[in-house]
Amino acid sequence: MSVPADLLALDARDPLSYKREEFALPDDLIYLDGNSLGAMPKAVAQRLQHVLDEEWGRQLIRSWTGEADWMSLPDRVAAKIARLVGAKPSEVAVGDSTSINTFKALAAALHQTPRKVVLTDADNFPTDLYMAQGLNALLGGQLELRRVPSDQIAAHLTPDVGVLLLTEVDYRTGRKLDMRGLTAAAHAQGILTVWDLAHSAGAFAVDLNGCEADFAIGCGYKYLNGGPGAPAFLYVAERCHAAAPVFLSGWMGHADPFEMGREYAPAAGARRYVVGTPTVLSLSALDTALDVFADVDMEVLRQKSLSLTDTFIRLMQPLTQKHPLTLATPEAHAERGSQVSYHHPDAKNIMNKLIARGIVGDFRTPDILRFGFTPLYHSHADVWRAAEGIAEVLA
Ligand SMILES: Cc1ncc(COP(=O)(O)O)c(C=O)c1O
Ligand SMILES: Nc1c(O)cccc1C(=O)C[C@H](N)C(=O)O
């Protein structure tokens, strides 16, 4: 069997097809895991070589303030991410991990309200729950972490809730929450919002300012393709800056680090949430990786993402009739991120077999087969080949 003509026609008119060339991807792999670790943009290798040879190797310490200007690297990367998430550059800080930034955001948000309840999705990504638990321990156990199923969040926006901590796209099911509606409903009850955009940033256009979101965090190594352990980001709405204290008040978030003053004074804007010395190698990789998005219209990217996931769901549909395979991802476009997941009682074993055949997705407990689609480097033909491989493994 070869790729059906209708899918080849979709690929022929794909306005983003030229993007695949910008990535180093093995030809014999169908990589459906960009939602865990994005593929490497080819330009990153050249950038890192330059950083090694010239900026570090030759210029050494002079690169902090010289031509390389490592001091402003977090801010330059922040400006590129800001465009993708609908924020002002001065509202985004880049550095640390998503986990650490979750702590910063949650601590700052809780400081702005006398309320002690943090409302979250019972199935939120573990690190979000763990960071809230750790913060609660630091605060002497005065918080209540209230966990409810995602479809019951709206009904639990009660006046005792201080902060709503949610992941926009669920890492297991790929279900996308209504960030705009939930943020407005939260605000109507005087609740601040912290959105985890790990599976959103770079996957589709996010509009933090348009949604009037208060705080957000996100990963650099998934759809932003910044490489393993890439720096994460933190968004703090401008109107929250004055009241959102910096608890991790490191010298690199100081207004004038080299003044070496005795008292902490925050830098302007979100730069104050940068803590210690910027991780130049990984920031440089992320900086160049983000250039892949420079000429990309995020609405076009979203349309392609939906076309890829629609196609996958359609091709997989007959398999759900023959096997104990059920779609875990919502079919409504507004409720879907850029991944498609299925429940299967033997999911772990099936994923291992798929990976052995070069179709790389994820198994997630307890029974999820997860397939991530990256419109920058996937074609409809890839989707078809993946579905064919899955059919063979299931058979
Ligand atoms: C929703 C979500 N939040 C956070 C993280 C990760 O946080 P960190 O980069 O700190 O490991 C992930 C994935 O690893 C995730 O899926
Ligand atoms: N962050 C990860 C890592 O450091 C190692 C392996 C996997 C990951 C992941 O991305 C897990 C992930 N956030 C998930 O959505 O399941």
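Residues numbered from 1 in each chain as written. Chains lettered and ligands numbered in written order. Predicted model: local features only at pLDDT ≥ 70, side-chain atom pairs only at ≥ 80, totals over all residues. Heavy atoms only, no water.

Colleague: Help me understand the pairing of strand β6 (residues 144-148), please; the structure alone is not making it clear to me.
Modeller: Every other side chain in a regular strand lies on the same face of the sheet, so the side chains alternate between the two faces. For strand β5 (residues 117-121) and β6, the ladder comprises five bridges, and the chain directions are parallel. Its bridge partner lying in β6, aspartate 121 is registered against valine 148. For the segment spanning β5, helix α5 (residues 126-138) and β6, crossover handedness is right-handed. (Pairing = 2+ DSSP bridges. Helix = DSSP H or I, 4+ residues; strand = E, 2+ residues; numbered from the N terminus. Right-handed = clockwise from strand over helix to strand, strands pointing away.)

Colleague: Mind showing me how you'd approach the sheet that holds strand β15 (residues 368-372) here?
Modeller: Hydrogen bonds between backbone groups are what pair the strands of a sheet, and the pairing can be parallel or antiparallel. Pairing is antiparallel in the open sheet, where four strands are placed in the order β11-β12-β15-β14. Looking at which strands have only one partner, the edges of the open sheet turn out to be β11 (326-327) and β14 (362-364). Two strands pair when backbone bridges link them, and strand β12 (residues 339-343) and β15 are joined in this way by five bridges, in the antiparallel orientation. If you follow histidine 343 over to β15, its bridge partner there is isoleucine 368. Helix-sheet contacts for helix α9 (residues 298-322) involve β11, β12 and β15, and the interaxial angle to β12 is about 15 degrees. Sheet strands touched by helix α10 (residues 347-356): β14 and β15. Its angle to β15, the strand with the most contacts, is close to 40 degrees. (Contact = heavy atoms within 4.5 Å. Axes fitted to C-alpha atoms, helices over the stretch in contact; angles between N-to-C directions.)

Colleague: Explanation requested: the site of ligand 1 in the structure shown.
Modeller: In the vicinity of ligand 1, the contacting residues are Ser97, Thr98, Ser99, Phe125, Thr127, Asp128, Thr167, Asp196, Ala198, His199, Tyr221 and Lys222. Contacts to ligand 1 include threonine 98, whose backbone N or O atom sits 3.4 Å from an oxygen atom. Contacts to ligand 1 include tyrosine 221, whose side-chain N or O atom sits 2.8 Å from an oxygen atom. Relative to its unbound accessible surface of 400 Å², ligand 1 loses 84% to contact with the protein. Broken down by secondary-structure element, the contributors of at least two residues to the shell around ligand 1 are α4 (98-111) and α5. Residue classes in the shell around ligand 1 are distributed as three nonpolar, six polar and three charged. (Near = heavy atom within 4 Å. Polar contact = N/O pair within 3.5 Å; in protein donor to acceptor, adjacent residues only side chain to side chain. Areas by Shrake-Rupley, 256 points an atom, 1.4 Å probe, with all protein chains shown as cover. Nonpolar A, V, L, I, M, F, W, Y, C, P; charged D, E, K, R; others polar.)

Colleague: Please explain the pattern of salt bridges as it appears in this structure.
Modeller: When the charged atoms of two side chains lie near each other, side chains of opposite charge can form a pair. Counted according to the given criterion, the structure contains 24 salt bridges. Note that aspartate 6 is salt-bridged to arginine 314, the shortest N-O span being 3.6 Å. Pair noted here: aspartate 6 is in helix α1 (residues 5-12) and arginine 314 is in helix α9, with a separation of 308 residues, a long-range link. With a relative accessible area of 44%, aspartate 6 lands in the partly exposed category. Judged by relative accessible area, arginine 314 falls into the partly exposed class, the value being 46%. Residue arginine 47 pairs with aspartate 287 through a salt bridge whose shortest N-O separation is 2.9 Å. Here arginine 47 is found in helix α2 (residues 42-56), whereas its partner aspartate 287 is found in helix α8 (residues 280-290), with 240 residues between them in sequence. Residue classification places arginine 47 among the buried positions, given a relative accessible area of 18%. One salt-bridge network, in which partners are shared between bridges, spans Arg47, Lys80, Asp287 and Asp291. (Salt bridge = Lys/Arg side-chain N within 4 Å of Asp/Glu carboxyl O. Buried < 20%, exposed > 50% of the residue type's maximum accessible area, 1.4 Å probe, protein only.)

Colleague: What is the right way to look at the packing of aromatic side chains in this model?
Modeller: Within a pair of aromatic rings, the relevant descriptors are the distance that separates the centres and the angle that separates the planes. Under the counting rule described, the total for this entry stands at seven aromatic pairs. Judged by centre distance (4.9 Å) and plane angle (85 degrees), the ring pair of phenylalanine 125 and tyrosine 171 falls under edge-to-face. Here the residue phenylalanine 125 occupies a position in the loop between β5 and α5, and tyrosine 171 occupies one in the loop between β7 (161-167) and α6 (179-188), the gap between them amounting to 46 residues. With a centroid separation of 6.1 Å and an interplanar angle of 70 degrees, the aromatic rings of phenylalanine 312 and tyrosine 342 are classed as edge-to-face. Within this pair, whereas phenylalanine 312 is found in helix α9, its partner tyrosine 342 is found in strand β12, the two being separated by 30 residues in sequence. Here the aromatic cluster, defined as three or more aromatic residues joined through ring pairs, consists of Phe312, Tyr342, Phe371 and Phe373. In this arrangement the basic side chain of lysine 176 is found over the ring face of phenylalanine 204, its NZ or CZ atom lying 5.0 Å from the centre. Between the NZ or CZ atom of arginine 302 and the centre of the ring of phenylalanine 204, over which it lies, the distance is 5.2 Å. (Phe/Tyr/Trp six-rings, centres within 6.5 Å; stacked < 30°, edge-to-face > 60°. Lys NZ or Arg CZ within 6 Å of the ring centre and 35° of its normal.)

Colleague: Can you walk me through the domain arrangement of the chain in this structure?
Modeller: The parts lose accessible area when they come together, and the size of an interface is often stated as this lost area. Taken domain by domain, the chain comprises domain 1 (5-31 + 297-394) and domain 2 (50-293). Taking only C-alpha atoms, the centre of domain 1 and the centre of domain 2 are 29 Å apart. With 26 residues of domain 1 at the interface, the matching set in domain 2 holds 18 residues. With both chains or domains summed, domain 1 and domain 2 bury close to 1800 Å², and 58% of this area falls on carbon and sulfur atoms. At the junction of domain 1 with domain 2, the criterion picks out zero salt bridges. In this assembly, domain 1 and domain 2 are joined by ten residue pairs in polar contact (both at pLDDT 80 or more). Residue assignment for the side of domain 1 that touches domain 2 shows that the elements contributing at least two residues are α9, β12 and β15. Element by element, the count of residues in the side of domain 1 that touches domain 2 is highest for α9, at four residues. Residues of the side of domain 1 that touches domain 2, tallied by class, amount to eleven nonpolar, seven polar and eight charged. (Domains from an automatic or database assignment. Buried area = accessible area lost by both parts, 1.4 Å probe.)

Colleague: Explain the environment of leucine 164 here, please?
Modeller: Locating leucine 164 in the fold gives a position in strand β7. Each C-alpha atom, one on leucine 164 and one on leucine 106, is 9.3 Å from the other, the two residues being 58 residues apart in sequence. The contacts of leucine 164, once residues within four sequence positions are left out, are Leu119, Ile153, Leu157, Leu182, Ala186, Ile191, Leu192, Thr193 and Val194.

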